[in-house]
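What follows is each chain in one-letter form.
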Amino acid sequence: MASNIVPTSDLEPGGAAPSGFEGDRSAGSLGGVVRGYVDRLRGGDLGALPAVLGIVVLTLLFYALRPETFLTPLNITNLIIQAAPITLLAMGLVWILLLGDIDLSAGVVSGVCAAVSAQLLAQQGAPWWVAVLAALVTGAVIGLFTGTLVALIGIPSFVVTLALFLAFQGVTLRVIGQGGTVPIRDETIRGLTNSYIPVGAGWALAAAVIAAYAVLQLNRWRTQRSKGLDSQPLIVVVGRIVLIAVIVLVLTAILNADRALSRAVELQGIPYAIPVVVVLLLVLTFLLGRTTFGRHVYAVGGNSEAARRAGISVTRIRIMVFMLSSSMAAVSGLVAAARLSSVTPGSGGGNTLLYAVGAAVIGGTSLFGGRGRIRDAVLGGLVIAIIDNGLGLLQVSAYLNYIITGGVLLLAASVDALARRRAAAGKS
Amino acid sequence: MTVPHAEGGSPILELRGVDKSFGAVQVLHGVDLKVYPGKVTALVGDNGAGKSTLIKSIAGIHPIDGGQILFDGQPVSITGPRDSAALGLEVVYQDLALADNLDVVQNMFLGRERKHGIVLDEASMEQAARDTLAKLSVRTLKSVRQLVSSLSGGQRQTVAIAKAVLWESKVVILDEPTAALGVAQTRQVLDLVRRLADTGHAVVFISHNMVDVFEVSDRIAALYLGRMAADVPISTVDRGQVIELITAGRSGDIGLAPAVSEVV
Ligand SMILES: Nc1ncnc2c1ncn2[C@@H]1O[C@H](COP(=O)(O)OP(=O)(O)OP(=O)(O)O)[C@@H](O)[C@H]1O
Ligand SMILES: [Mg+2]
């Protein structure tokens with residue numbers, strides 16, 4: 001059904017012409033891959049480069065300034081737990097940014113969802129899974145509401161979510177009560193950040209993740225090769241697998257080390273929030289990269305008119321993205337509540353949103369729509385957590401902390417804007 | 001499928017007395033047009049003559065007010081873009097409508113992706129895109145996995161045309177495909193237009209460039225202020241006559257009746 005073109009003799013003039021798509025073959029060499037990467041960088045697509053540089057430079061900087069405390073297993077574990085809610089919120093925001101929209105209410109939505117489940121736990125004595133489900137449903141309903149206002153009514157997302165940013169703080173206040181703090185006592189939810197996978201199981205999990213990644217990558221490579229499709233050289237694929245394996249093993253080793261400050265107790269193991277983040281990373285990456293829905297999100301962000309003419313319901317896609325993103329905000333709110341063991345009227349306010357948007361943008365997601373990946377949220381979330389954690393260790397004053405974090409977001413946005421200009425200039 | 005090459009075959013697409021108004025302004029007046037498989041029909045006319053309106057009416061973007069559209073001899077009703085696509089009618093709009101952030105394969109299959117269950121079947125889409133481009137003898141693309149943002153104007157035009165051809169399209173309509181292109185790229189697109197017709201498609205080619213029109217077309221249809229001044233084999237007219245048809249609606253004994261062309 002591919003085409004109804006009937007090849008006729010005049011379709012093959014001379015017979016000696018090149019077969020075309022030479023690039024598909026030259027990309028198969030290592031040199032081709034390197035050249036392709038440099039071309040992409042030149043074209044303004046920096047990918048993960050700024051985030052990776054950020055992680056390396058900031059780690060070295062804070063290690064130099066606080067050699068005794070920054071790179072200890074205890075602090076690294078804290079840092080990763082700090083990164084988890086930021087990353088989860090950013091994983092949802094990546095979708096919104098891909099559309100070229102913004103959700104300024106994402107932070108306070110995480111607060112509303114956390115407040116709803118905290119009250120269910122505290123007042124109704126609901127089991128943990130009911131509380132989690134309630135948070136997710138609250139998130140999805142909020143997303144449906146926001147998405148409808150944006151996509152169906154046609155109000156700019158900036159305005160809708162700015163209004164909701166204020167309104168939802170009121171909702172959280174109403175749910176929790178003035179000046180109140182609802183403690184989270186449920187062991188399962190608290191356990192997200194306060195209990196740890198047994199050391200042996202942690203290693204087994206790490207090994208399983210590496211094995212699964214290797215099998216998937218190699219399988220894909222084999223299929224592409226056997227069908228003569230565009231593929232990377234084996235050494236690049238293997239290199240990627242080794243890199244992931246090293247990162248996973250090093251992290252597991254750090255998290256499995258005894259990080260207790262006193263010798264009398266043992267404190268070790270991977271916090272349960274980490275597998276939650278990893279599973280969501282995999283699921284959302286699959287959804288964005290391998291399904292029609294993800295493809296259509298990219299298309300709407302790249303050229304919504306083209307998407308419309310291709311028969312894609314732009315309105316439906318936008319509403320679904322807002323629902324997905326707000327549900328991720330709910331997950332983020334739960335993890336943040338677990339970390340602080342409580343929900344307050346201020347939960348999800350303050351710099352929550354700025355951190356998450358910063359994470360997505362630093363990770364490489366464009367504010368202009370059409371470019372971004374889920375892993376950006378993880379890389380950018382780590383950068384933000386390193387800054388937050390490092391500044392905490394340095395005990396810089398609050399005012400400076402605000403200025404520095406705001407500055408980092410501005411820097412990331414400038415890189416994004418310049419990259420975009422560069423890409424536009426390269427085209428003409 | 002068979003490729004009807006024969007002279008004087010029956011039209012695949014025929015318009016009879018098509019009217020179209022925007023509010024009080026009537027843009028198309030009883031337009032007749034015949035489009036044949038295996039032939040390039042040039043649609044010419046001055047700015048504002050109604051060419052784009054005509055193809056948008058056929059495509060279902062601005063459904064017609066009066067008259068008839070026949071497809072394969074059967075009257076059809078086209079009320080939206082999905083209807084025309086279902087009939088096998090693909091339009092390459094002047095603004096192309098490609099998503100810059102997607103690659104060539106992804107653009108060609110946009111909205112009609114192939115899947116295994118819920119997973120996109122990239123392998124089969126890439127193969128089909130490559131086959132289609134190869135059959136059209138497109139040799140200027142480095143890779144089908146290149147982002148569209150990295151393509152030149154002519155390459156983008158090529159991808160848009162190949163996208164139209166990928167589907168079971170019988171009629172391909174191109175709105176000013178060479179307007180923004182340089183000499184070499186115009187050459188490529190004209191070759192492609194010719195090959196489309198030679199492979200059995202009915203092609204409608206809108207252009208203001210008489211050299212291009214005379215080079216690739218088999219028939220010429222001239223619109224004059226929303227009326228069809230002539231729809232004739234290109235061998236029966238010369239360049240001067242076509243220009244008269246475009247600017248005055250008549251030339252010698254072909255074209256609109258003097259009354260019509262003088263009144264307006
Ligand atoms: N959506 C619309 N609403 C009102 N009037 C319209 C609309 N679209 C086109 N027109 C009018 O219809 C007439 C024909 O326009 P059309 O775009 O079809 O011309 P054209 O032959 O394609 O010209 P060009 O060569 O400049 O592209 C013009 O007078 C234009 O103003
Ligand atoms: Mg026009």
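Residues numbered from 1 in each chain as written. Chains lettered and ligands numbered in written order. Predicted model: local features only at pLDDT ≥ 70, side-chain atom pairs only at ≥ 80, totals over all residues. Heavy atoms only, no water.

Asker: What is the right way to look at the environment of Asp39(A) in this model?
Answerer: All names here are of chain A. For Asp 39, the position within the fold is in helix α2 (residues 30–42). Its relative accessible area of 46% is what places Asp 39 among the partly exposed residues. For the pair Asp 39 and Gly 111, spaced 72 residues apart in the sequence, the C-alpha separation amounts to 43 Å. (Helix = DSSP H or I, 4+ residues; strand = E, 2+ residues; numbered from the N terminus. Buried < 20%, exposed > 50% of the residue type's maximum accessible area, 1.4 Å probe, protein only.)

Asker: Would you explain helix α8 (residues 187–194) of chain A in this entry?
Answerer: Of all the positions in α8(A), only Ile189(A), Gly191(A), Leu192(A) and Thr193(A) are classed as buried. A side-chain oxygen of the first residue of α8(A) lies 2.9 Å from the backbone nitrogen of Thr188(A); this N-cap is Asp186(A). (Polar contact = N/O pair within 3.5 Å; in protein donor to acceptor, adjacent residues only side chain to side chain.)

Asker: Can you help me understand the sheet that holds strand β1 (residues 13–22) of chain B in this one?
Answerer: Sheet strands line up and pair through hydrogen bonds in the backbone, either parallel or antiparallel. Residue and element names in this part refer to chain B. Sheet architecture is open: four strands sit in the order β2-β1-β4-β5, paired in antiparallel fashion. In the strand order of this sheet, the two ends are held by β2 (25–35) and β5 (74–76), each with one partner. Pairs of neighbouring strands in the sheet enclose a mean axial angle of 30°, with direction left out of account. By the bridge criterion, five bridges tie β1 to strand β4 (residues 66–71) in an arrangement that is antiparallel. Its bridge partner being in β4, Glu 14 is matched across the sheet by Leu 70. (Pairing = 2+ DSSP bridges. Axes fitted to C-alpha atoms, helices over the stretch in contact; angles between N-to-C directions.)

Asker: I'm lost on helix α9 (residues 199–226) of chain A in this one. Help?
Answerer: An α-helix turns once every 3.6 residues. As a result, residues three or four positions apart point the same way. All names here are of chain A. Between the first and last C-alpha of α9 there are 41 Å, a value that for 28 residues agrees with the 40 Å anticipated at 1.5 Å per step. Where α9 is buried, its residues touch β2 (196–197), α10 (234–256) and β3 (270–271). Where α9 ends, the next residue or the one after it, Gly 228, has phi of about 70°, a positive value. (Expected span 1.5 Å × (residues − 1). Contact = heavy atoms within 4.5 Å.)

Asker: Please explain a nonpolar patch on the surface as it appears in this structure.
Answerer: Residue and element names in this part refer to chain A. Residues Leu 218, Leu 234, Val 238, Val 242, Val 246 and Val 250 make up a contiguous nonpolar surface patch of roughly 440 Å² in combined accessible area. Residue contributions to the nonpolar patch peak at five residues, all from α10. By the secondary structure assignment, Val 250 is in helix α10. Taking relative accessible area as the criterion, Val 250 reaches 44% and is therefore assigned partly exposed. (Patch = residues over 30% accessible without salt bridge, like charges linked within 9 Å, V, L, I, M, F, W, Y side chains within 5 Å. Areas by Shrake-Rupley, 256 points an atom, 1.4 Å probe, with all protein chains shown as cover. Salt bridge = Lys/Arg side-chain N within 4 Å of Asp/Glu carboxyl O.)

Asker: I keep staring at unusual backbone geometry and nothing clicks. Help me out?
Answerer: Leaving glycine aside, a negative phi is the common case for residues, and trans is the common case for peptide bonds. Residues and elements named next belong to chain B. Within the chain, Glu 176 stands out as a residue other than glycine whose phi angle is a positive 45°. Here Glu 176 lies in the loop between β9 (171–175) and α6 (183–198). A relative accessible area of 17% means that Glu 176 is categorised as buried.

Asker: Explain the packing of helix α6 (residues 128–153) of chain A against helix α7 (residues 157–176) of chain A to me, please; I cannot follow it from the model alone.
Answerer: Relative placement of two packed helices is described by the angle separating their axes and the distance separating the axes. Residues and elements named next belong to chain A. Remark: α6 packs on α7, axes separated minimally by 9 Å, with the N-to-C direction vectors making an angle of 145°. Crossing angle aside, the handedness with which α6 passes α7 is right-handed. Across the interface between the two elements, Ile 142, Phe 145, Thr 146, Leu 149 and Val 150 of α6 pack against Ser 157, Val 160, Thr 161, Leu 164 and Phe 168 of α7. When grouped by side-chain class, the residues that make up the contact of α6 with α7 number seven nonpolar, three polar and no charged. (Left-handed = near helix turned anticlockwise from the far one by under 90°. Nonpolar A, V, L, I, M, F, W, Y, C, P; charged D, E, K, R; others polar.)

Asker: When you look at the environment of Asp45(A) in this model, what are you seeing that I'm missing?
Answerer: Residues and elements named next belong to chain A. Turning to its location among the elements, Asp 45 is positioned in the loop between α2 and α3 (49–65). Since its relative accessible area comes to 26%, Asp 45 is described here as partly exposed. In contact with Asp 45, other than residues within four places in its own chain, are Arg 40 and Arg 371.

Asker: What am I meant to see in the sheet that holds strand β3 (residues 40–45) of chain B here?
Answerer: Residues and elements named next belong to chain B. Taken together, the six strands give an open sheet; going across it, the order is β6-β9-β10-β3-β11-β12, and neighbouring strands pair in mixed fashion. Each of the sheet's edge strands pairs with one partner strand only, and the pair in question is β6 (89–92) and β12 (227–233). This sheet shows a mean twist of 15° between the axes of neighbouring strands, independent of strand direction. Note that β3 and strand β10 (residues 202–206) share four bridges and pair parallel. Among the inter-strand pairings, Leu 43 is bridged to a residue of β10, identified as Ile 206. Here α6 sits on the sheet in contact with β3, β9 and β10, set at roughly 150° to β10.

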